[in-house]
Amino acid sequence: MAEKEKLLLSPEEVKKLPPEEVLKRLGVDPKKGLSTEEAKRRLKIVGPNEIPEKKVHPIIKFLSYFWGPIPWMIEAAAILSALIHHWEDFWIIVAMLLINGIIGFWQEHKAENILEYLKQKLSQTARVLRDGEWKIIPARELVPGDIIRVRIGDIIPADIKLIEGDYLLVDESVLTGESLPVEKHVGDVAFSGSLVKRGEMTGVVVATGLHTYFGKTVQLVQRAKTVSRYQKLIIRIGDFLIILTIILAAIMVIVELNRGANILELIRFALVLVVAAIPAAMPAVLSITMAIGAYELAKRQAIVRKLVAIEEMAGVDILCADKTGTLTKNELTVADPVPVQPKYTPADVVLYAALASREEDKDPIDLAVLHALERFKLKDEIKKYKQVKFTPFDPVIKRTEAVVEGPDGKQFKVAKGAPQVILNLVGADEELRKKVMEIVDEHAKRGYRMIGVAKTEKGTLDKWEYVGLIPLFDPPREDSAETIKFLKKMGVRVKMITGDHIAIARQIARMLGIGTKIYTIDELKKAHPSEAEKMIEEADGFAQVFPEHKYMIVDALQKRGHVVAMTGDGVNDAPALKKADVGIAVANATDAARAAADIVMLAPGISVIKDALVEARKIFRRMYSYVVYRITETFRVLFFITLSIIAFNFYPVTAVQIILLALLNDLPILTIAYDNVRIGNKPEKWNIPLILALSSSLGTVGVIESFLLLWIGIYYFHMNPATQLAMIQTFIFLKLAVAGHLTIFVTRTHRPFYSIMPGKWLLITAIATKLAATIVAIYGFGLIAPIPAWLAGVVWLYCIVWFLIEDCTKLAIYKMAGEHPLHIKRKHYRKHF
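Residues numbered from 1 in each chain as written. Predicted model: local features only at pLDDT ≥ 70, side-chain atom pairs only at ≥ 80, totals over all residues. Heavy atoms only, no water.

Chemist: Could you clarify how one ought to interpret the pattern of salt bridges in this entry?
Modeler: Side-chain pairs of opposite charge can arise whenever the charged atoms involved come near each other. Summed over all chains, the structure comprises 33 salt bridges. Asp500 is the salt-bridge partner of Lys323, the closest N and O atoms lying 3.0 Å from each other. Pair noted here: Lys323 is in helix 13 (residues 323-327) and Asp500 is in the loop between strand 17 (493-497) and helix 20 (502-512), with a separation of 177 residues, a long-range link. Each member of the pair, Lys323 as well as Asp500, carries the same accessibility label: buried. With a shortest N-O distance of 2.7 Å, Lys329 and Glu478 are connected by a salt bridge. Here Lys329 is found in the loop between helix 13 and strand 10 (333-334), whereas its partner Glu478 is found in the loop between strand 16 (464-473) and helix 19 (480-489), with 149 residues between them in sequence. (Salt bridge = Lys/Arg side-chain N within 4 Å of Asp/Glu carboxyl O. Helix = DSSP H or I, 4+ residues; strand = E, 2+ residues; numbered from the N terminus. Buried < 20%, exposed > 50% of the residue type's maximum accessible area, 1.4 Å probe, protein only.)

The structure is reproduced here in structure tokens:
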């Protein structure tokens with residue numbers, strides 16, 4: 001305990017003490033950091049750098065499944081069964097209640113485990129100095145005394161005392177509600193969870209986890225309560241079915257009361273019918289389907305932060321993709337440098353560019369320049385210079401800059417950045433500007449990106465001169481062209497976004513097969529707003545784009561009715577990522593971009609995005625088929641039973657049989673998340689009129705076939721309702737069970753039922769539950785009246801014939817709607833699925 005108190009300085013002490021005293025109290029050398037052994041020791045003392053989640057006890061969670069409108073109805077039916085001494089019914093209803101609770105609890109437990117897995121995959125990291133070396137470690141392993149470096153785009157992982165650097169501009173709005181960024185300097189405290197908007201500094205960790213000043217850290221994965229517009233539509237469909245069920249049940253109750261039926265028996269039957277007809281499991285099935293889909297996406301290196309993003313991803317028709325790192329390898333190589341002053345050589349251009357770089361930042365341009373030192377034999381030469389101060393790149397100054405001390409002890413500045421930025425820095429005249437831009441244009445046509453290099457005269461820090469230009473080439477990824485071709489077939493148009501010269505953009509776009517209609521931001525700004533929107537919609541890509549322009553592009557496309565996915569990696573990309581229907585943070589994105597995104601990629605390249613889109617469409621198809629099935633089955637069972645009671649004055653099935661039907665029908669549906677599906681070559685969307693038309697048509701066919709079988713049973717097989725009612729009820733029960741399960745195989749595909757093999761678990765559970773229903777119908781087991789095996793065979797044959805009729809009905813509906821067949825080649829499926 002004493003050790004822990006020694007490590008945990010009070011907020012007042014941290015604020016008042018100078019950095020040197022804080023370092024001393026924490027026992028750490030700012031040049032070496034903590035040793036690995038010491039860090040492990042401290043981690044055991046103070047615990048991990050995280051806020052423990054408040055979790056509901058499993059027993060409490062399990063009991064919650066017996067509390068709510070649907071469980072209350074089932075419980076009321078059980079109580080009424082006991083009151084009228086129907087003990088067999090009572091125990092079956094109780095069993096159903098328990099089974100529903102167990103299944104619901106297990107499904108939620110599985111979904112929570114998946115979300116926890118996603119959370120671990122997206123765990124925040126930190127740059128920390130340990131054993132004298134800078135390392136990347138999980139933020140949860142930080143301890144008081146760790147020396148860490150924070151830079152633009154980082155979410156500060158713990159409370160830190162700033163000990164080195166110029167300044168930080170920190171956004172603390174998530175913690176304080178204050179919208180204006182706060183400027184921090186050496187000696188100030190930066191709090192966990194705040195976002196670095198500008199600057200780069202080093203600090204020492206003074207508090208972690210629950211001990212931070214605000215008592216919380218920002219977590220990248222949230223259990224978001226967001227409801228997508230698609231989920232709202234499904235909820236409305238569910239509400240419609242509930243209202244329809246209650247109305248029909250009320251009509252049945254009124255008619256039966258007028259006939260003098262036993263009120264307790266009638267209410268019990270009505271409650272059971274309502275419970276069986278209401279699609280209470282619909283939200284749960286949709287959630288577990290999306291959760292399992294999110295797990296599949298994670299295995300493909302795409303982490304879903306919000307489950308509702310899966311539905312949005314399935315409907316994306318435009319993907320705005322960054323060129324660098326997404327379409328290209330982000331493995332920059334330096335070509336032959338071009339000096340613009342006679343007194344400088346190509347080696348000088350590389351040397352001064354390297355002096356304006358820093359290896360530990362792992363910036364791709366910096367690394368490319370530093371790797372070029374060996375090629376120009378400058379490894380020994382650069383050691384003669386000392387980097388006194390370094391200013392990293394940020395979106396405002398758009399360059400890196402350093403103060404350097406030369407071999408003669410004199411200081412000077414070096415800078416590198418976009419050629420235009422360096423031209424402005426040196427105050428170039430028209431002649432120099434023309435010369436530089438000619439070099440830039442010439443190299444751009446060959447796909448080279450140019451970086452300008454400048455320095456001040458020895459002994460001065462303000463007299464700048466242009467040293468030269470470094471051509472950089474970033475080759476396209478091997479899979480980019482093929483992936484773009486695939487996405488086009490899938491109805492998704494890829495628009496390339498780059499900050500590079502328009503000639504480079506056209507060259508890369510041509511190589512990838514994107515198209516060459518590339519606009520610069522300046523061209524878009526000059527156009528009338530309505531014309532600019534049209535240009536953005538028609539464009540194949542955009543050049544000379546800064547992050548803040550991405551928002552404008554997304555907004556324009558959305559106004560034109562498109563569902564847009566946007567990639568990004570920097571702090572300034574966050575608004576566009578939030579604005580997009582699907583914001584995608586690419587591999588190695590900043591914490592800020594990851595926090596704003598819906599999906600985070602852990603591997604580079606556009607093929608990962610393709611995998612995410614394909615998986616999202618599969619998930620959507622599974623949800624779509626379930627919704628059609630659930631509405632169809634509710635329509636079929638509800639209308640048949642209600643109309644039978646009104647028309648024939650007897651119950652076609654018993655309350656127990658309805659419960660068994662509900663239970664047997666739900667089991668296969670729970671495996672629909674694992675079903676094999678075939679996706680189309682167009683973005684997916686919920687076509688509610690088509691869903692209702694298809695479901696009501698199939699439901700109507702189901703009602704007709706049920707009435708026809710009832711007629712056959714009474715008039716052909718001579719089952720007298722007055723003396724053989726129990727046998728008729730079992731006869732109809734088996735028909736509803738078998739036909740209901742067969743309907744799953746009708747609704748799961750737009751094509752004929754045999755066009756794609758069902759998923760293993762869906763097939764197994766459907767067959768097992770149909771066999772179970774048949775065995776119960778033949779033997780009864782004291783639950784229901786048994787029927788002969790030959791009669792069960794007749795039911796099976798009858799159901800199979802009508803199953804084929806239902807499938808033809810489905811195909812006719814899709815054909816009339818213009819949605820059948822799905823326009824995609826079979827060989828295309830074999831290749832990708």
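Back to the write-up after that little detour.
Chemist: Help me understand the nonpolar core in this model?
Modeler: Met313, Leu319 and Ile641 are the most contacted members of the largest nonpolar core, which totals 138 residues. Element by element, the count of residues in this core is highest for helix 26 (residues 606-648), at 21 residues. Residues in contact with Leu319, not counting those within four places in the same chain, are Leu487, Val492, Arg493, Val494, Lys495, Ala565, Thr567, Ile584, Ile606 and Ile609. Among the nonpolar cores identified, the runner-up in size contains 31 residues, and Leu524, Ile553, Ala556 and Leu577 belong to it. (Core = buried A, V, L, I, M, F, W, Y, C linked by side-chain atoms within 4.5 Å. Contact = heavy atoms within 4.5 Å.)

Chemist: Whenever I open this one, the side chain of Asp598 confuses me. Can you help?
Modeler: Along the chain, Asp598 turns up in the loop between helix 25 (591-596) and strand 22 (599-601). Here Asp598 falls in the buried class, since its relative accessible area comes to 9%. In terms of polar contacts, Asp598 uses its side chain to reach the backbone amide nitrogen of Gly583, at 2.8 Å. If we ignore the near neighbours within four places in the chain, the residues touching Asp598 are Ile303, Val304, Arg305, Lys306, Ala309, Leu577, Ala580, Asp581, Val582 and Gly583. (Polar contact = N/O pair within 3.5 Å; in protein donor to acceptor, adjacent residues only side chain to side chain.)

Chemist: Can you help me understand the pairing of strand 9 (residues 318-322) in this one?
Modeler: Here is the key point about a regular strand: its side chains alternate between the two faces of the sheet. Of all five residues in strand 9, five are buried, a share of seventy percent or more. Because side chains alternate across strand 9, one face comprises the buried residues Ile318, Cys320 and Asp322, and the other comprises Leu319 and Ala321, equally buried. In this structure, strand 9 lies alongside strand 20 (residues 564-568), joined through three bridges in parallel fashion. Residue Ile318 lies in a different strand from strand 20, and its bridge partner there is Val564. Summarising the sheet, strand 9 and strand 17 pair through five bridges and their orientation is parallel. For Cys320, the partnering residue across the bridge sits in strand 17 and is Lys495. (Pairing = 2+ DSSP bridges.)

Chemist: I'm lost on the confidence of the model for the protein chain in this one. Help?
Modeler: Caution is warranted with low-pLDDT regions, since their predicted coordinates should not be read in detail. Per-residue confidence for the protein chain gives a mean pLDDT of 83; residues scoring 70 or more make up 89%. Scored below 50 in pLDDT, residues 216-226 makes 34 contacts in the model with residues more than four places away or belonging to other chains. In the predicted structure, residues 820-833 sits below a pLDDT of 50 and forms 34 contacts with residues beyond four places in sequence or in another chain. (pLDDT = per-residue confidence, 0-100.)

Chemist: Is there a simple way to explain the environment of Ile606 in this structure?
Modeler: For Ile606, the location among the structural elements is in helix 26. Leave out the neighbours within four places in its chain, and Ile606 touches Leu319, Thr326, Leu327, Ser480, Thr483, Ile484, Leu487 and Val494.

Chemist: Where do I start with unusual backbone geometry in this structure?
Modeler: Phi is mostly negative for residues that are not glycine, and the peptide bonds are mostly trans. Located in the positive-phi region is Lys377, a residue other than glycine, with phi close to 55 degrees. With respect to the element layout, Lys377 can be found in the loop between helix 15 (364-375) and helix 16 (379-382). We note that Gln544 has phi near 55 degrees; this positive angle belongs to a residue other than glycine. Along the chain, the position of Gln544 falls in the loop between strand 19 (541-543) and helix 23 (547-559).

Chemist: Would you mind showing me how to read the packing of helix 22 (residues 529-538) against helix 23 here?
Modeler: In a pair of packed helices, the angle between the axes and the distance between the axes together describe the arrangement. Packing of helix 22 against helix 23 brings their axes to within 9 Å, and their N-to-C directions diverge by 95 degrees. On the basis of their axis angle, the class for helix 22 and helix 23 is roughly perpendicular. Between helix 22 and helix 23, the contacting residues are Glu533, Ile536 and Glu537 on the first element and Met552, Ile553, Ala556, Leu557 and Lys559 on the second. For the contact of helix 22 with helix 23, the residue count by class is five nonpolar, no polar and three charged. (Axes fitted to C-alpha atoms, helices over the stretch in contact; angles between N-to-C directions. Parallel < 35°, antiparallel > 145°, perpendicular 65-115°, else oblique. Nonpolar A, V, L, I, M, F, W, Y, C, P; charged D, E, K, R; others polar.)

Chemist: It is not clear to me how the sheet that holds strand 19 should be interpreted in this structure. Could you clarify?
Modeler: One key point about sheets: their strands pair by backbone hydrogen bonds, in either a parallel or an antiparallel sense. In space, the eight strands of this open sheet follow the order 8-22-21-20-9-17-19-18, with mixed pairing throughout. Since the sheet does not close on itself, it has two edges, and those belong to strand 8 (302-304) and strand 18 (518-520), each with one partner. Going from strand to strand, the sheet's axes swing by 20 degrees on average, the running direction of each strand aside. Most of the contacts of helix 23 go to strand 20, to which it runs at about 170 degrees, and overall it touches strand 9, strand 17, strand 19 and strand 20. Against the sheet, helix 26 makes contact with strand 8, strand 9, strand 17, strand 20, strand 21 (582-585) and strand 22, and its axis sits at roughly 140 degrees relative to strand 22, the strand it touches most.

Chemist: What is the right way to look at the environment of Ala587 in this model?
Modeler: Within the secondary structure, Ala587 sits in the loop between strand 21 and helix 25. Separated by 18 residues in sequence, Ala587 and Gly605 place their C-alpha atoms 8.3 Å apart. Every residue in contact with Ala587, bar those within four places of it in the chain, is listed here: Met601, Leu602, Ala603 and Pro604.

Chemist: Is there a simple way to think about the side chain of Asp581 in this case?
Modeler: With respect to the helices, strands and loops of the structure, Asp581 is situated in the loop between helix 24 (574-579) and strand 21. Within polar-contact distance, the side chain of Asp581 engages the side chain of Gln558 at 3.2 Å. At 2.8 Å, the side chain of Asp581 forms a polar contact with the backbone nitrogen of Val564.

Chemist: I would appreciate a short explanation of the packing of aromatic side chains in the present structure.
Modeler: For any pair of aromatic rings, geometry is given as the distance between the ring centres together with the angle between the planes. A full pass over the atoms with the stated rule returns 17 aromatic pairs. An angle of 40 degrees between the planes, with centres 6.0 Å apart, marks the rings of Tyr779 and Phe781 as tilted. When the ring of Tyr798 is compared with that of Trp802, the centres are 6.2 Å apart and the planes differ by 45 degrees; the resulting orientation is tilted. Note that Tyr798 and Trp802 are positioned in helix 31 (residues 789-817) at a spacing of four residues, about one turn of the helix. Positioned above the aromatic ring of Trp134 is the side chain of Arg149, whose terminal nitrogen or guanidinium carbon lies 4.5 Å from the ring centre. For Lys455, the ring lying beneath its charged end belongs to Phe412, and the centroid distance is 5.1 Å. (Phe/Tyr/Trp six-rings, centres within 6.5 Å; stacked < 30°, edge-to-face > 60°. Lys NZ or Arg CZ within 6 Å of the ring centre and 35° of its normal.)

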